[in-house]
Amino acid sequence: MKGIKKIWQWSRKYVWLILFIVFLSTILQWLYAYLPLFVQYVFGRLGYASGSGADLPGFLLKWYDGIDDTITCLLIVGASMIVLQAVRSVMRFMDNYFQGALSHYIGFDMRTKIYDHVMDLSFSYHNHSDIGDLIQRSTSDVDQTSTFISSQIPGLIDIFVTVFIGAYRVFRISPTLMWVSLISVPFTAISSIIYFRYCNKAFQKIEKSESKMTTIIQENVNSSRVVRAFSNEKYEFEKMDKANKDYTKKNGKFNTVMAVFWGISDFIVFLQYALTMSVGIFLARDGILNAADIVAALLLMGMLIWPMRGLGRIIASFGKASVAANRIDEMLSEPVEYEINGTEKPTILGNIEFKNVAFKFDDDTKHLLNDISFQIKAGQTVAIVGKTGSGKSTICNLLTRMLEIDSGDILIDGVSIKNIEKKHLRKNIKMVLQDPFLFSKTVYDNIAISDSSLPTERIYEAAKMAYIHQEVMKFDKGYKTIVGEKGTTLSGGQKQRVAIARMLVNDSNVIIFDDSLSALDTKTDLMIRKALKEKSKDKTMIIITHRSTTAKEADVIIVLENGKVAQIGKHEELVNQVGLYKELWGIQGELEEEFSQVLKEGK
């Protein structure tokens, strides 16, 4: 019932189109039921029975009976059947066309809804989700559901319509034959229900197995260079082979059950035919029926038996569709991050204050950050340093509300971050990640991705500030060079500088570098920060770094240790204090000479 409810939610928008498809299918079956009656009339006209015994429309019988020449009459009857089939062909085309259109409409709605919802899901959700599974839910699960709604729901209604029409036509010939022809219907229906219950459970296992296999494929395609770098192809192949075998085994088991079901169904169908024919022979022997009646009844019996056999196929499709629809609903039931949002859109100048902020991840029992408090004034450059896992990147994610604080507060220009609209906040606080994602587009498109209408001069200026312009101009196609997926055709430093340029084209007063200068040499690092400081004097910069040489030039250095702020101050102050920063500086002291030389050169 849950599956039916979910499927109905997607289909109710197009209920009139579904009803029109059902109407076409009903007319098609009604017209098809006349074909055996034409055959019945032919047998009667050839002398096996009275031609007028056929249950054809009165005007046709009057027309046919008025033709004295039998051959001419039979040719006209044949032509009438051709015309009828031609009409049915046109209607069948319309039926298939509208079924295809319905499938596309529903598929479009589902993909749009899923994409919009996934894009609005929380940072935490994406961190804990398999991309392969999300892709499968957005593609194959959508296809399963939309196809079922467009073809199998009308098909299910068509089955009952066909059986009703067939039973009515057989009843007009012989009530006894009708009841005999319906003997197998209860058995077919019961077996189909049992088959559905099995299908539903089997498809849940198959979907999970396929999802796991898809995730492995997606991971290996994206990390092919890593796999080769560690010569790990054998392990990854074995992992894929294991997942593939598991999927094949589950699918094979289901196919075996399906083959048994269809085999039994076919056997029941042929038994039904034999029983109906036997009863028809006895009725003919007793003079109750003639040969024409028996032939017509046998032809019509297909409308009673084969549709019920097709019920198993539809039930199997429903099993797939209900599992797919539930998987989609599972994803759509996840709360979007904007359920918790602010309404204010203040002007963000860059004054930031953390007041007793605490945070822990949902899957952890221990707080990563405890009682974090510090202030950043507008226009300051602040470096945040600390050991790996100390929560440096988490602070940036809290500042952009990718993550929500557990307690305490964050104020931006005196306004609580909880009251600021998330999209407004992120529009005014730009962040460059350590591992930036570049799209499979041109260098120009990647830099201008936030606004394609930006003037070319602005794109070039941002690239120059990021010290990537000269290198791009050396490419064969310059800014029109296509970077590979995730920027694989660029070096790590080039990717980071393109990402920095992409951030710089936006006019934001707060800029965050989340260890995004780590792939750059000290000289380029300094030159970029110097250019930023010269052209963006009023901008607040937050730099997360492991480099003491990078942190040294900041106005304020914040040191994190054990989830707390251990030290705050300038380089000259902290380097003379006992603590983590002094230890880090001692380890990286040999770089000071290089840093000083770069500083003297000034470029």
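Refer to the structure above for everything that follows.
Described below are features of the structure shown in this document. Predicted model, so just to flag it, every value in this text is computed and none were measured. (Residues numbered from 1 in each chain as written. Predicted model: local features only at pLDDT ≥ 70, side-chain atom pairs only at ≥ 80, totals over all residues. Heavy atoms only, no water.)

## A short note on the sheet that holds strand β4 (residues 407-412)
Strand pairing within a sheet occurs via backbone hydrogen bonds; the two strands may be parallel or antiparallel.
Now for step 1: An order of β2-β1-β4-β5 is seen for the 4 strands of this open sheet, with the pairing classed as antiparallel. In the strand order of this sheet, the two ends are held by β2 (369-376) and β5 (415-416), each with one partner.
Now for step 2: Strand direction decides the pairing type here: β4 and β5, joined by 2 bridges, are antiparallel. The residue bridging I412 from the neighbouring strand is V415, located in β5. (Pairing = 2+ DSSP bridges. Helix = DSSP H or I, 4+ residues; strand = E, 2+ residues; numbered from the N terminus.)

## Focus on the pairing of strand β9 (residues 556-561)
Now for step 1: Within β9, 5 of the 6 residues are buried, which leaves it mostly tucked inside the rest of the structure.
Now for step 2: Bridge analysis of β9 against strand β10 (residues 564-569) gives 5 bridges, and the strand direction is antiparallel. Each bridged residue has a counterpart across the sheet, and for L560 the counterpart in β10 is V565.
Now for step 3: In this antiparallel pair of consecutive strands, β9 and β10, the connection spans 2 residues, and N562 shows a positive phi of 55 degrees. (Buried < 20%, exposed > 50% of the residue type's maximum accessible area, 1.4 Å probe, protein only.)

## Quick look at the pattern of salt bridges
Now for step 1: Going through the model one piece at a time under the given rule, you end up with 13 salt bridges.
Now for step 2: Note that D246 and K250 form a salt bridge whose closest N and O atoms lie 2.7 Å from each other. Residue D246 and its partner K250 are located together in helix α12 (residues 233-285), separated by 4 residues, close to a single helical turn.
Now for step 3: Relative accessible area serves as the criterion here: at 30%, D246 is assigned to the partly exposed category.
Now for step 4: Taking the relative accessible area as the measure of exposure, K250 reaches 27% and is therefore partly exposed.
Now for step 5: For the salt bridge of E404 with K422, the shortest nitrogen-to-oxygen distance reads 3.2 Å. Taken as a pair, E404 in the loop between α14 (392-399) and β4 and K422 in helix α15 (residues 422-428) lie far apart in primary sequence, 18 residues in all.
Now for step 6: With a relative accessible area of 2%, K422 lands in the buried category. (Salt bridge = Lys/Arg side-chain N within 4 Å of Asp/Glu carboxyl O.)

## What to know about the packing of aromatic side chains
Two descriptors summarise a pair of aromatic rings, namely the distance from one centre to the other and the angle between the planes of the rings.
Now for step 1: In total, this model carries 13 aromatic pairs according to the counting rule given.
Now for step 2: Aromatic pair F437 and F439: ring centres 5.1 Å apart, planes at 75 degrees, arrangement edge-to-face.
Now for step 3: The exposure class of F437 is partly exposed, given its relative accessible area of 39%.
Now for step 4: With centroids separated by 6.4 Å and ring planes inclined at 80 degrees, the aromatic side chains of Y444 and Y479 adopt a geometry described as edge-to-face. (Phe/Tyr/Trp six-rings, centres within 6.5 Å; stacked < 30°, edge-to-face > 60°.)

## Structural notes on the nonpolar core
As a rule of thumb, soluble globular proteins bury nonpolar side chains together.
Now for step 1: Residues F38, Y41, L56 and Y64 are the most contacted members of the largest nonpolar core, which totals 67 residues.
Now for step 2: Broken down by element, this core gets its largest block of residues, 15 residues, from helix α13 (residues 291-332).
Now for step 3: In this structure F38 touches L56, L60, Y64, V77, S80, M81 and L84, once residues within four positions along its chain are discounted. (Core = buried A, V, L, I, M, F, W, Y, C linked by side-chain atoms within 4.5 Å. Contact = heavy atoms within 4.5 Å.)

## Focus: helix α8 (residues 140-173)
Now for step 1: In this model α8 runs 47 Å from its N-terminal to its C-terminal C-alpha over 34 residues, within 8% of the 50 Å that 1.5 Å per residue would give.
Now for step 2: In the structure, α8 departs most strongly from a straight axis at I149, where the bend amounts to approximately 40 degrees. (Expected span 1.5 Å × (residues − 1). Bend = angle between axes of the 7 residues up to and from the residue.)

These results come straight from atomic positions and should not be treated as a statement about function.
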